[in-house]
Amino acid sequence: MDIESNKELKQLLLEMAEVADFLWKRGWAERNAGNISISVDHCIKKPLQNLEAYPSFELDRAYPKLATKHFLVTGTGKRMRDLARNPLENARIIRLNNKGDAYWIISQQEIIDNFQPTSELPTHLGIHQMIKERGSQEKVVMHAHVSELIALTQSAEHCDEDTLNKLIWGMHPETMIFIPKGIGFIPFVMPGTEEIARKTIQSLADHDMVLWEKHGIFAIGSSVYDTFDAIDIVSKSVKIWFMCRSAGIQPQGLSEEKLASLRDLSSRF
Ligand code: 13P
Ligand code: ZN
């Protein structure tokens, strides 16, 4: 499949590249850290027929709701700063088979460069399947190593959803407005596993994003910009908290009453 000749796909690839640059410049994407996937079915008017010509790979489990669906995914080991400069080399389109238990890399005619999707594919696909099941409109799944958030999980006190969410909501009113369901927290689990995928999906059922202990964040959104912004808002709150602490200030946070009014305001957005 030629991404260059599909205007909508090309636009999504450029947006992905721009946000990859934001992640790199924020310091949230050291080496190959972070990965992005975008559901792109709506851009593909005529699905390819001769799929035998493309490399195919089995998945460890089936994603029936994703059968025949297409995703633009970043490659494992790829750098966000390289994705920003050269998106076609660092992200590809995959298409799941009729059962949703295998995929083809269809923006690569033959294995010329050993491109493989991100090692966090189980979490990405699991989340896309969850989005389909609940019928919501998100198209993007993004993972980043956000330093401020990882730093917070070095403190046992903050490895707790109530404490974590009180902190992020309390630092700035916009956090409650845009992240009203807060962050889910997952105690350390090996990355790239089905276990971390399962726990992340469970947690996203009632949170806006999920923080992996001593690792990073997973967020979802309708565009790469929305998804990045959600992570950015949370990171801003945590940065304010750390700034206060390093200046010897114990941050006051917003009162429960003010948070309740903000939650109310958020529900009207
Ligand atoms: P990949 O290079 O496989 O995408 O892994 C990066 C990462 O952040 C793993 O959690
Ligand atoms: Zn990671």
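Quick note: structure is the one above.
Residues numbered from 1 in each chain as written. Chains lettered and ligands numbered in written order. Predicted model: local features only at pLDDT ≥ 70, side-chain atom pairs only at ≥ 80, totals over all residues. Heavy atoms only, no water.

### Topic: the nonpolar core
Within the largest apolar cluster, 54 residues are counted, with the highest numbers of intra-cluster contacts made by Leu23, Ile36, Ile38, Leu72, Met142, Ile183 and Ile217. Setting aside its immediate chain neighbours within four residues, Ile183 contacts Leu149, Glu161, Leu164, Asn165, Ile168, His207, Met209, Val210, Leu211, Ile217 and Val234. Core analysis: the second largest hydrophobic core is formed by 13 residues, Ile127, Ile131, Ile186 and Trp212 among them. (Core = buried A, V, L, I, M, F, W, Y, C linked by side-chain atoms within 4.5 Å. Buried < 20%, exposed > 50% of the residue type's maximum accessible area, 1.4 Å probe, protein only. Contact = heavy atoms within 4.5 Å.)

### Some details on the site of ligand 1
Ligand 1 sits among Asn32, Ala33, Gly34, Asn35, Thr76, Gly77, Thr118, Ser119, Glu120, His143, His145 and His215. A distance of 2.6 Å separates an oxygen atom of ligand 1 from a polar side-chain atom of Thr76. One of the side-chain nitrogen or oxygen atoms of Glu120 is found 2.5 Å away from an oxygen atom of ligand 1. Here ligand 1 has 310 Å² of accessible area as a free molecule, and 93% of this is covered by the chains. For the shell around ligand 1, a count of residues per class yields 1 nonpolar, 10 polar and 1 charged. (Near = heavy atom within 4 Å. Polar contact = N/O pair within 3.5 Å; in protein donor to acceptor, adjacent residues only side chain to side chain. Areas by Shrake-Rupley, 256 points an atom, 1.4 Å probe, with all protein chains shown as cover. Nonpolar A, V, L, I, M, F, W, Y, C, P; charged D, E, K, R; others polar.)

### Quick notes on helix α8 (residues 194–204)
When we look at burial in α8, the residues that qualify are Ile196, Ala197, Thr200, Ile201, Ser203 and Leu204. Taken down its axis, α8 places every buried residue within 165° of arc, on the same side. Those residues of α8 that are buried lie in contact with α4 (121–134), α6 (161–171), β7 (183–186), β8 (209–212) and β9 (216–221). (Helix = DSSP H or I, 4+ residues; strand = E, 2+ residues; numbered from the N terminus. Arc of directions from axis to C-beta.)

### Notes on the side chain of His70
Turning to its location among the elements, His70 is positioned in strand β3 (residues 70–74). A residue is classified by how much of its surface remains accessible, and His70, at 3% relative accessible area, is buried. Not counting the four nearest positions on each side in its chain, His70 is found in contact with Ile38, Ser39, Val40, Asp41, Ile44, Pro47, Ile93, Ile94, Arg95 and Ile106.

### Re the packing of α6 against helix α9 (residues 224–246)
Axes are the key here: two packed helices are described by the angle between their axes and the distance separating the axes. It is the contact of α6 with α9, at a shortest axis distance of 8 Å, that shows an interaxial angle of 90°. Looking at the two axes, α6 sits roughly perpendicular to α9. In this structure, α6 contributes Leu167, Ile168 and Met171 to the contact, and α9 contributes Val234, Ser237, Val238, Ile240 and Trp241. Its residues assigned to classes, the contact of α6 with α9 comprises 7 nonpolar, 1 polar and no charged. (Axes fitted to C-alpha atoms, helices over the stretch in contact; angles between N-to-C directions. Parallel < 35°, antiparallel > 145°, perpendicular 65-115°, else oblique.)

### What to know about the pairing of β9
Two faces make up the sheet, and in a regular strand the side chains alternate between them. Of all the 6 residues making up β9, 6 are buried; the element is thus mostly covered by neighbouring parts of the structure. Note: strand β6 (residues 140–144) against β9, 5 bridges, orientation antiparallel. Bridge pairing in β9 links Ala144 to Ile217. The antiparallel pairing of β8 with β9 creates a hairpin that spans 3 residues between the two strands, and Lys214 there sits at a positive phi of about 50°. (Pairing = 2+ DSSP bridges.)

### Some remarks on the coordination of the zinc ion (ligand 2)
In an ideal tetrahedron of four donors about a metal, each angle is 109.5 degrees. In an ideal octahedron of six donors, the angles are 90 or 180 degrees. The coordination sphere of the zinc ion (ligand 2) contains the protein donors His143 (NE2), His145 (NE2) and His215 (NE2), at a distance range of 2.0 to 2.1 Å. Summarised as a motif, the one-chain spacing of the donors to the zinc ion (ligand 2) is H-x1-H-x69-H. Placement of the pair is His145 in the loop between β6 and α5 (147–152) and His215 in the loop between β8 and β9, with a sequence separation of 70 residues. Judged on exposure class, the residue His145 and its partner His215 are both buried. (Donors = N, O, S within 2.8 Å, 3.2 Å for Na, K, Ca; no water.)

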